[in-house]
Amino acid sequence: METHIPLVVRNVSLDDDAILEQLALNLSDLGWHETGGQVIATFYTKSNDPVAAAAAAVASIKRALPQACVERVDEQFVSLADIATRTGMSHEAVRLWAGGKRRTDGEPFPAPRAQVGQGRTPIKIWAWPDVLAWLREHYCLDLEPGTAYLTAPQVAHLNALLQKRRQSSWQPLVVAGVPRVLASVAAVLELEESISSTPAGRRFTTTGGSQ
């Protein structure tokens, strides 16, 4: 199985020719696209430790694009309508799944991650990897053969690493009364790379629109 890890990247424009050149030269092993106003860099790995491999990929992004900020894992939130579109099922069928009124034996449909809006018709949203795993388990329906995503604990772990990186990169430090900025985390980046195998070079894409 190959693990796909979509990462939200700020301060990068896919309309910038200079950035596109850097992506092609140094980051061609990532898939790049823009959706919902966000730039997503998808990292692909077969490593037994995908979180460590992704941390090394983040280091590569920062070396090639110093201004880039890898913010978090994109958990691919979807509504019932999105799920219906991706699965080719009717909206009503998906609604019955989510409401526990269809295929009630076994593990229930994944719980929604959040609710958007108020009033009588709020919109519930799910994480697509959760839905995909449920469909594989209960319907033997594999919509993305050979593809895996990070588990919820792995997502939390990687997001914590990304937050720590941002804090360590910008936190001021006072030494002997003189303010300094932690401008280099090279040792940390090299350590992350040493525990990860280099991903197979492939797939440089820069597409727009929704996933």
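Placed above this text is the structure.
Quick caveat, the model's predicted, so the values are computed rather than measured.

(A) The arrangement of the overall build of the chain in detail. Within the chain, the secondary structure is distributed over seven helices and 11 strands. Within the chain, buried positions represent 37% of all 211 residues. Partitioning the contacts of the chain with sequence separation of at least 6, the portion at a separation of at least 24 is 68%. Total accessible area computed for the chain in this model is approximately 12000 Å², and 53% of it derives from carbon and sulfur atoms.

(B) Geometry of helix H4 (residues 91-98). Restricting attention to buried positions, one finds in H4 the residues Ala93, Val94 and Trp97. Angular distribution of buried residues about the axis of H4 spans 95°; they occupy a single face of the element. Check the buried side of H4 and you find it contacts helix H3 (80-87) and helix H5 (128-139).

(C) How the structure looks around a negative patch on the surface. A cluster of like negative charges, contributed by Asp15, Asp16, Asp17, Glu21 and Glu34, occupies part of the molecular surface. Within the secondary structure, glutamate 34 is located in strand E2 (residues 30-35).

(D) Representation of the pairing of strand E3 (residues 38-45) within the structure. In terms of burial, E3 is a largely internal element, seven of the eight residues being buried. Across six bridges, the pairing between E2 and E3 is antiparallel. Directly across from leucine 30, in E3, lies its bridge partner phenylalanine 43. The antiparallel pairing of E2 with E3 creates a hairpin that spans two residues between the two strands, and glycine 36 there sits at a positive phi of about 60°.

(E) Quick peek at the packing of aromatic side chains. The final tally for this structure, using the stated rule, is six aromatic pairs. With 5.8 Å between their ring centres and 50° between their planes, tryptophan 134 and tyrosine 139 make a pair best called tilted. The partly exposed category is assigned to tyrosine 139, whose relative accessible area is 26%. Through a chain of ring-to-ring contacts, three or more aromatic side chains come together here, namely Trp97, Phe109, Trp126, Trp134 and Tyr139.

(F) Highlighting the sheet that holds strand E6 (residues 114-116). Reading across from one edge, E5-E7-E6 is the order of the three strands in this open sheet, with antiparallel pairing throughout. Where the open sheet ends on each side, the last strands, each with one partner, are strand E5 (77-78) and E6. The pairing of E6 with strand E7 (residues 123-127) spans three bridges and is antiparallel. Each residue of the ladder has a partner; that of glutamine 115, found in E7, is lysine 124.

(G) Region of the structure containing unusual backbone geometry. Notably, asparagine 11 is not glycine yet its phi reads approximately 65°, a positive angle. Along the chain, asparagine 11 turns up in the loop between strand E1 (2-10) and helix H1 (17-26). One non-glycine residue, cysteine 140, lies in the positive phi region at around 50°. Among the secondary structure elements, cysteine 140 is positioned in the loop between H5 and strand E8 (147-149).

(H) Broad picture of the side chain of threonine 147. On the secondary structure map, threonine 147 appears in strand E8. Taking the relative accessible area as the measure of exposure, threonine 147 reaches 7% and is therefore buried. Discounting chain neighbours no more than four positions away, the residues touching threonine 147 are Met1, Glu2, His4 and Arg136.

Parameters at a glance
- Residues numbered from 1 in each chain as written.
- Predicted model: local features only at pLDDT ≥ 70, side-chain atom pairs only at ≥ 80, totals over all residues.
- Heavy atoms only, no water.
- Helix = DSSP H or I, 4+ residues; strand = E, 2+ residues; numbered from the N terminus.
- Buried < 20%, exposed > 50% of the residue type's maximum accessible area, 1.4 Å probe, protein only.
- Contact = heavy atoms within 4.5 Å.
- Areas by Shrake-Rupley, 256 points an atom, 1.4 Å probe, with all protein chains shown as cover.
- Arc of directions from axis to C-beta.
- Patch = residues over 30% accessible without salt bridge, like charges linked within 9 Å, V, L, I, M, F, W, Y side chains within 5 Å.
- Salt bridge = Lys/Arg side-chain N within 4 Å of Asp/Glu carboxyl O.
- Lys, Arg positive; Asp, Glu negative; His and termini not counted.
- Charge placed at Lys NZ, Arg CZ, Asp CG, Glu CD.
- Pairing = 2+ DSSP bridges.
- Phe/Tyr/Trp six-rings, centres within 6.5 Å; stacked < 30°, edge-to-face > 60°.

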